[in-house]
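The primary structure of each chain is shown beneath.
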Amino acid sequence: MVGLAYDCLANPLGAVRSTFEKAIASGADPASFDGKDWGALDVFRHFLFDQSGLSQIPILNHKTVRWVQPNTLVRFRGMIQDMLGNEFYVGAYKDGSVWRTNKYTDVSQSPIDSMLDKRIWERRLIYCVPVPGQNSWADSSSEAMMSRSMDWGSPQREKRRRLDDESSDNMDTIMSSDGLEASSSAKKMREDGHPCQSQESMAEGTCSNLSVLHDIDRDSLPCVVKIYDSPESDLKLNEVFEFIGVITLDSDFQVDKDEHDEFENGSMEDALVNISRNKVPHLHCFIHRKLAVHDFLQNSPIMEPKPHFVKEIREALLKHLTNVLGNDDLAAHFMLLHLLSRVYSRVDTVAVGKLSLNLSGFSKESVSVFGTQLSSAIKNLLPFTHYVPLTVGYLNSASLGPKKDYETNRIITGVLQLAEGTHLIIDETQLETGTLNSVGIDNARVLKTLMEVQKVEYDFKYYKMEMAADIQLLIFSEGKSNICPADLVLPFRPSSVGSSEASTEALEAWRWYLTTLRSLPHSIDLETQKIIENDLVEARKADRSLGSQDFSRLLSMGRLMSMSFGETSLSLEHWQMVKELERLRRERLK
């Protein structure tokens, strides 16, 4: 790796072409590279990980897109919101006697008609958006990172940044609500005239109207990511990924719909062109990795979850939650278990590990104090949070579940299309007597399904499909919620007004605690298991209304209780703590 003739940051395509030419010179057949790498990715892995180049790569978002240069190396973090299908393109072609490649580009180096000998390859396209509900503290694109990324810019970059500052109104077209128009200039940037080949999400006219950006606000930036040489099973809907690759973004295309496009096949409208690159950047991906919640922690301590450290952090967090919850110690203990919960397995229709919580006893007045404080505290603890104020009007008009729009052949996102690990607060305190229309009835059913089995219903018009979810659900209500039947109902009884403020050091420790402990493995030894079984039998004798769901919930609480102490096996001490919490909860319900 010495004497490189290219800059991996400013000229990544130089590395692609150089390694391609080297592979061809060694006698490789261009046809053998369909779906395979010829050594280009090794160059980038060496740069990113062996030479610590990752920290130098600018992070693409609504702020940095104003100055980042096309055809340079960028990082993008986002959730897969839609699968756009597959696309054929000219991957390699013969220029005279020399083989060249168009891989990782939208722009062909030579006119398509002049390519007498070419190889058609395939790539996948996905539509990504910033993670819904991502809180500012979890945003990896800090000002320091942005400044550091800008340092390797060229004079052209500086000029572009000055122009962007002078014409920021024009740059706002990136997030404009104007219609997306097809550009013949853009079409000429394609390597070939082939139409996009489709699975369900890619067909004629894809993304040719406002639906492309209907769900994107001015402070977020979607991205079309083009995936190469990767199995389809690697990327799934609603998963969160970091993509590293070449950005192609243009801000000055001129529209001329009447100009004939010599590159176009003519059998189908070019769907990709309608996701214009002056609206949505395209990223040709070299390397991608799935992100978990811990990947969004910025400055949290890196250490083993040793019991004595964990116990100190647990006590401090419980004290904080108790303060936020108006000195309601019982509510704080249940809140801690709730914040640690996650779906860790599925048995038939049962989502094992979920622990939704309904805090009842709220009024419109008290929720404005304690509900607001708790919502703020959770935002400071978890990277992805969302808040839904439930009213009859909201239920009758909102789009909670995603829907397929067959005119654009796109999935139109819904409120509940959320990333794994998202925390969702549903506030029912504004809910008053009223009549639900057909939309409201459907939305109530979608919410109930999410609460009961952790699945979100997708509406494909001719049929409905349930997609697995892992969303922490917290409900504020006056009485027990009927729309959102939670695993736990606890009457909320505050006695004072506290504060949600905490030091930066404490917040970082608590974020680490919640993220690390919720992913711990867990087991129950045979002796403890027998004692628990006997306890459940006795509980059933004392209260015949207890069923399998109650027992499953108690076991989940036991698992979470031991995890809250950093333990991977349920002890009798922690089981007794769970039984006492449940006894106190049932007393409040009387």
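Residues numbered from 1 in each chain as written. Predicted model: local features only at pLDDT ≥ 70, side-chain atom pairs only at ≥ 80, totals over all residues. Heavy atoms only, no water.

Brief notes about the pairing of strand 3 (residues 118–129)
Item 1. One ladder, built from 12 bridges, connects strand 1 (residues 73–95) with strand 3; its direction is antiparallel. Bridging from a neighbouring strand, V90 pairs with I120 of strand 3.
Item 2. One ladder, built from five bridges, connects strand 3 with strand 4 (residues 223–227); its direction is antiparallel. Across the sheet, C128 pairs through a bridge with C223, a residue of strand 4. (Pairing = 2+ DSSP bridges. Helix = DSSP H or I, 4+ residues; strand = E, 2+ residues; numbered from the N terminus.)

Quick look at the nonpolar core
Item 1. The biggest cluster of nonpolar side chains holds 55 residues, and the ones touching the most others in it are M335, L359, L374, L381, L474, Y513 and L514.
Item 2. The element that contributes the greatest number of residues to this core is helix 8 (residues 329–340), accounting for nine residues.
Item 3. Ignoring any residue separated from it by four or fewer positions in sequence, one finds L474 in contact with M335, H338, L357, L359, L374, I378, H423, L424, I425 and I426.
Item 4. If you look at the next biggest cluster of nonpolar residues, it comprises 46 residues, including L221, L418, L424 and C484. (Core = buried A, V, L, I, M, F, W, Y, C linked by side-chain atoms within 4.5 Å. Buried < 20%, exposed > 50% of the residue type's maximum accessible area, 1.4 Å probe, protein only. Contact = heavy atoms within 4.5 Å.)

Overview of the packing of aromatic side chains
Item 1. What the rule picks out here adds up to 16 aromatic pairs.
Item 2. Between Y104 and F286 the ring centres are 4.6 Å apart and the planes differ by 75°, which places this aromatic pair in the edge-to-face class. In this pair, Y104 is assigned in the loop between strand 2 (98–101) and strand 3 and F286 in strand 6 (residues 282–290), connecting sequence segments 182 residues apart.
Item 3. For Y104, a relative accessible area of 1% corresponds to the buried category.
Item 4. For F286, a relative accessible area of 7% translates into the label buried.
Item 5. When the centroid spacing of 5.5 Å and the interplanar angle of 80° are considered together, the rings of F370 and F492 count as edge-to-face. Of the two residues, F370 sits in helix 9 (residues 364–381) while F492 sits in the loop between strand 17 (488–491) and helix 12 (504–517), which places them 122 residues apart along the sequence.
Item 6. Classification of F492 as buried rests on a relative accessible area of 7%.
Item 7. An aromatic cluster is present here, built from F20, F33, W38, F44, Y89, Y104, W121, Y228 and F286 joined pairwise through their rings.
Item 8. In this structure, R77 packs its charged tip against the face of F296, placed 5.1 Å from the ring centre.
Item 9. R410 extends its terminal NZ or CZ atom over the ring of Y127, reaching a point 4.3 Å from the ring centre. (Phe/Tyr/Trp six-rings, centres within 6.5 Å; stacked < 30°, edge-to-face > 60°. Lys NZ or Arg CZ within 6 Å of the ring centre and 35° of its normal.)

Some remarks on the sheet that holds strand 10 (residues 385–389)
Item 1. Sheet architecture is open: five strands sit in the order 10-13-16-9-17, paired in parallel fashion. Of all strands in the sheet, those bounded by a partner on one side alone are strand 10 and strand 17. On average, each strand axis in the sheet is tilted by 15° relative to the strand beside it, whichever way the strands run.
Item 2. Two elements, strand 9 (residues 357–360) and strand 16 (residues 472–476), share three bridges in a ladder whose sense is parallel. (Axes fitted to C-alpha atoms, helices over the stretch in contact; angles between N-to-C directions.)

Here we look at the state of the cysteines
Item 1. Per the counting criterion, the structure on display carries zero disulfides.
Item 2. Unpaired in this structure, C128 has its nearest cysteine sulfur neighbour in C223, at a distance of 6.7 Å.
Item 3. A residue is classified by how much of its surface remains accessible, and C128, at 0% relative accessible area, is buried. (Disulfide = S-S within 2.5 Å.)

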